[in-house]
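Analysis of the macromolecular model
Residue strings, one per chain:
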Amino acid sequence: MTRWRDLYCGEVRPDDVGRTVAVAGWVARRRDHGGLVFIDLRDHSGVVQLVVNPERAAEAAKIAHDIRSEFVLRARGEVVARAPEAVNPALATGAIELQVDELEIVARSEPLPFQLDDDGVEEPLRLRYRYLDLRRDRMQRNVRLSATVISAIRSSMEEQGFIDVWTPTMTLGTPEGARDFLVPVRLQPGKFFALAQSPQLFKQVFMIGGLDRYYQIATCWRDEDLRADRQFEFRQLDLELAFPTREDVLDVLERVVVASFEALGRTPPPRPFPRLAYADAMLRYGSDKPDLRFELEIQDATEPTRGSEFGVFANAECVRFLVAPTVFSRAQLQRLEEFAKEWGAKGLAYLVVDESGEVRSPIAKFLSERELEAFAAPHGSTVLFAADTPAKVERILGALRLQLGEELGLVDTTRDEFLWVLDFPLFEQDEDTGEWTFVHHPFTGPLEGHEDLIESDPGNALSNAYDLVWNGWELGSGSIRIHRQDVQARVFRAMGMTEDEAQTKFGWFLEALRMGTPPHGGFALGLDRFLALLAGESNIREVIAFPKTAGGSDPLTGAPTPIPDRVLAELGIALKPEAGTGR
Ligand code: ASP
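Reference entry: report on the structure contained in this document. Here the structure is a predicted model, which means the values were calculated and not measured.

What counts, and where the lines are drawn
Residue positions are given per chain, counting from 1 as you read along its sequence in written order. Totals for whole chains, interfaces and linings use all residues, but because this is a predicted model, local features are given only for residues with pLDDT of at least 70 and pairs of side-chain atoms are given and counted only at 80 or more. The basis for every side-chain value is the complete set of heavy atoms in the structure, and neither hydrogens nor water enter the calculation. Think of it this way: any DSSP run of H or I at least four residues long counts as a helix, any run of E at least two long counts as a strand, and we number them from the N terminus. Note on classification: 1.4 Å probe, protein chains only; a residue is buried when its accessible area is under 20% of the maximum for its type, exposed when over 50%, partly exposed between these limits. Throughout, a residue-residue contact means that at least one pair of heavy atoms, one from each residue, lies within 4.5 Å. All accessible areas in this document rest on Shrake-Rupley with a 1.4 Å probe, and a residue is counted as covered only by the protein chains that are shown. Positive charges come from Lys and Arg, negative ones from Asp and Glu, while His and the chain ends are left out of the count. Charge coordinates come from a single atom per side chain, which is NZ of Lys, CZ of Arg, CG of Asp or CD of Glu. Working definition: residue near molecule or strand if any one of its non-hydrogen atoms lies within 4 Å of it. By the criterion applied in these results, polar contacts are pairs of N or O atoms within 3.5 Å in which, for protein atoms, one can donate a hydrogen and the other can accept it, and in which residues neighboring in sequence qualify only through two side-chain atoms. Classification convention: Asp, Glu, Lys, Arg as charged; Ala, Val, Leu, Ile, Met, Phe, Trp, Tyr, Cys, Pro as nonpolar; all other residues, Gly among them, as polar. Every case where a carboxyl oxygen of Asp or Glu lies within 4 Å of a side-chain nitrogen of Lys or Arg is listed as a salt bridge. Should DSSP find at least two bridges between two strands, the strands are taken to pair. Only the stretch in contact is used when a helix axis is fitted, and all axes are lines through C-alpha atoms; the angle between N-to-C directions ranges over 0 to 180 degrees. Roughly parallel means an angle under 35 degrees; roughly antiparallel means over 145; roughly perpendicular covers 65 to 115; every other angle is labelled oblique. Rotating anticlockwise by less than a right angle from the far helix to the near helix defines a left-handed crossing, while the corresponding clockwise rotation defines a right-handed one.

The next subject is the overall build of the protein chain. Across its full length, the protein chain carries 16 helices and 23 strands. Looking at the protein chain as a whole, 47% of its 583 residues qualify as buried. A sequence separation of at least 24 residues applies to 66% of the contacts in the protein chain between residues at least 6 apart. Just so you have it, the protein chain exposes about 28,600 Å², and 51% of that area is on carbon and sulfur atoms. Here the protein chain contributes 66 positive and 93 negative side-chain charges, whose respective centroids are spaced 5 Å apart.

The structure is reproduced here in C-alpha cells:
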C-alpha cells in the first residue's frame, strides 16, 4: 500500500463512482449481513460505508472478522452506487459505498469506556478520556469552529493595523481582582513570579514604547472559583492602541465580531452595536450585562411610594417592580419568593391582575389610588416588587428578570443582542472594609470632567470603561487609561494606597508613565466565552480542548499533583502539615 488515503471518508462523492480510492479512519460501526461485512468508517469529515465481500476480496474478509469499534483502518476499493433502497439521504456519502479490495488494520482499540454516540456521558468521564471525546462530532465542530474564528480575528486585527507582540507569562502580580498563581524560582529561593492575570501593564508600556497598535491572543491565569464561564487559565483577545477615542476602540471590536460571524457564514449583528450607560443598565435590567433578547424592564416606583401606608415600601430607600405577563398562582408566587430570598430579598410583595382586571394581593388594601396607578399592569399579569437599598433591589430584580425570562419562555433565542455598557463607576466600596477599590482595574481612566471627584466624591466618579455584552454574557472589558502619573497617583491614594505601597507595587510603571506617555486605551475580549457562544454552548469547557473540571483539576493527566519534598527543598519551600505531605 502506498498513500494512506486519496480521500477523506466524508469526501467520497457520487461522481467518484467507478474510481478506485483509498480511505483511512476509525470504525464507527460494523454489521454482518448476508455474508457481507458493512463497516462505517469515520474521520473528521464524515462517514463512508465499506462493504467487504468475501467473493470479491477473500483476504480483506478474513481481516474484517477481527474488526471492532474504533479500530483504525485503511481500505482501498471501488466507489459504487448503492442500491436505490439502500440510499441514506441523511448522509452526504449516503448514495455510495466502497467495495473493498484491500483492508488493513492500522491500529487496534481496547473496548472504550463510553460509546462515542452516547450523548449522556458525564463530564468527568469525557475529560478523563478527552482524546475519545475529541473524536465526537460536537468537539470536532467546536474545536474547528474555534480555529476558524481565531484565524478571522487575527486577520481582522492585522487588517486594522495591529501587530502581534508577546508578553511574559511569569511576571509581577497584575491587579485584575483575582488571586495570583505563583511560580517559585529555584535560583532565587523564597522569591516567586506571578502568572500574568492579563498583559495589562505590558500593553500599556507598549504604547509608551511606540508600538501603537498591539494585539495578542493572550493566555491569562487567575486563581478564582471556577464557573461555567470561568477557568483558571483562559484566553483573551488582548489589544491596546495609542491616541484613541472611545469610539475608536469600540469600532475595532465591532469589526472583529463582524469578521467572526462572517467567517462562519452567519449574518453579523448590525453595527454600531447599541450603547447603554451602566446606571441605566442597572436601573432597567438590574444587571451590568443585560440579556436584551427579551424586554421585561424593571420600573421604578420609589417616588410614588413615599408616604405609602405599606410600611415596607415607605421605609425602603428604593422600590422597583417587574410586570410579568402572566397570572401567577399562589404556589408559583411562593416559589418566586423563595428565589428572591436566595438573592437577598426579605419577601416578595406582589399584585396579581387577573384576566378580568381584578387585583388580588395581600398588600392592595394598603395602597393608595396613586400607587396603584403607578404600578398599572395589563389584565393577565403579575407585578413583583423589591424594596431595599438600590444595590439589593437591582440584584434581586435583575435575577428575577432572568428567571422569568427563562421560565416564561420570553427569551427569543433566535436573536443575537450585542451591547456596549459604558460609564461604569470608577470605584466601588468594599462591602467588608468600606474602603474604595477599583471596579475594573486601577489603570482605568476617569471620564472627562470626573477627575476632581476622585477625592471629593469617589462614589460618583465615573470611569471611561466599557464592557461588551452578548445575550447576557460579559464578553470583555476595556477602558481609556490613565496616562498621567499624577492622576494615577491620585487614584492609588483614593484606594487607600500609601505612596510607599504604590512605589513598591507599581514604581516601575509609575516611572514609565513619566516618560512621554501618549493617551491610550484598549480592551480584552474573553475568547473562550466568545467561542462558546458562537458554538451555541453554555459552558466554556466545551470549546477548550483540555479544560479543568469545576473543582480545578485535569482528569486526563491527574494534575495538580503533590511535589516530592526534595523538589520543594530545592525551591526553599516547606509545606505545612495540613497542606499535604508533598509526596
Ligand atoms: N486587562 C483587562 C482584563 O483583562 C482588559 C483591559 O482593560 O484591557 O480584563
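With that out of the way, let us pick up the site of the ligand. Taken together, Glu 176, Ser 198, Gln 200, Lys 203, Arg 222, Gln 236, His 441, Ser 477, Gly 478, Arg 481, Phe 523 and Ala 524 make up the full set of residues near the ligand. Glu 176 has a polar side-chain atom sitting 2.6 Å from a nitrogen atom of the ligand. Taking Gln 236, its side chain carries an N or O atom lying 3.2 Å from an oxygen atom of the ligand. When isolated, the ligand has an accessible area of 270 Å², and the protein chains bury 91% of it. Elements represented by at least two residues in the shell around the ligand include exactly α5 (200–208), β22 (473–480) and β23 (520–526). In terms of residue class, the shell around the ligand is built from 2 nonpolar, 6 polar and 4 charged.

Moving on to the pattern of salt bridges. Following the criterion strictly, the structure yields 46 salt bridges and no others. Residue Asp 528 pairs with Arg 235 through a salt bridge whose shortest N-O separation is 2.8 Å. Of this pair, Asp 528 sits in helix α15 (residues 527–534) while Arg 235 sits in strand β11 (residues 233–242); the two residues are 293 residues apart in sequence, bridging distant segments of the chain. Owing to a relative accessible area of 3%, Asp 528 belongs among the buried residues under this scheme. With its nearest N and O atoms 2.7 Å apart, the salt bridge here joins Arg 275 to Glu 247. Of this pair, Arg 275 sits in strand β12 (residues 275–277) while Glu 247 sits in helix α6 (residues 246–263); the two residues are 28 residues apart in sequence, bridging distant segments of the chain.

Let's shift gears to the sheet that holds strand β13 (residues 299–300). Picture the strands of a sheet paired through backbone hydrogen bonds; they go either parallel or antiparallel. Taken in spatial order, the 5 strands make up an open sheet running β13-β14-β17-β15-β16, and their pairing is antiparallel. Across the chains shown, the open sheet's two edge strands, defined by having one partner strand only, are β13 and β16 (359–360). Alignment of strand β15 (residues 350–353) against β16, held across 2 bridges, turns out to be antiparallel. Following the sheet pairing, Val 352 is matched in β16 by Arg 360.

So, about the packing of α5 against helix α14 (residues 499–513). Direction vectors running N to C along α5 and α14 enclose 25°, while the axes themselves pass 10 Å from each other. Comparing their axes, α14 and α5 come out roughly parallel. Relative to α14, α5 is oriented so that their crossing is left-handed. Seen from α5, the contacting residues are Leu 201, Gln 204, Val 205 and Ile 208; seen from α14, they are Phe 506, Trp 508, Phe 509, Ala 512 and Leu 513. Its residues assigned to classes, the contact of α5 with α14 shows 8 nonpolar, 1 polar and no charged.

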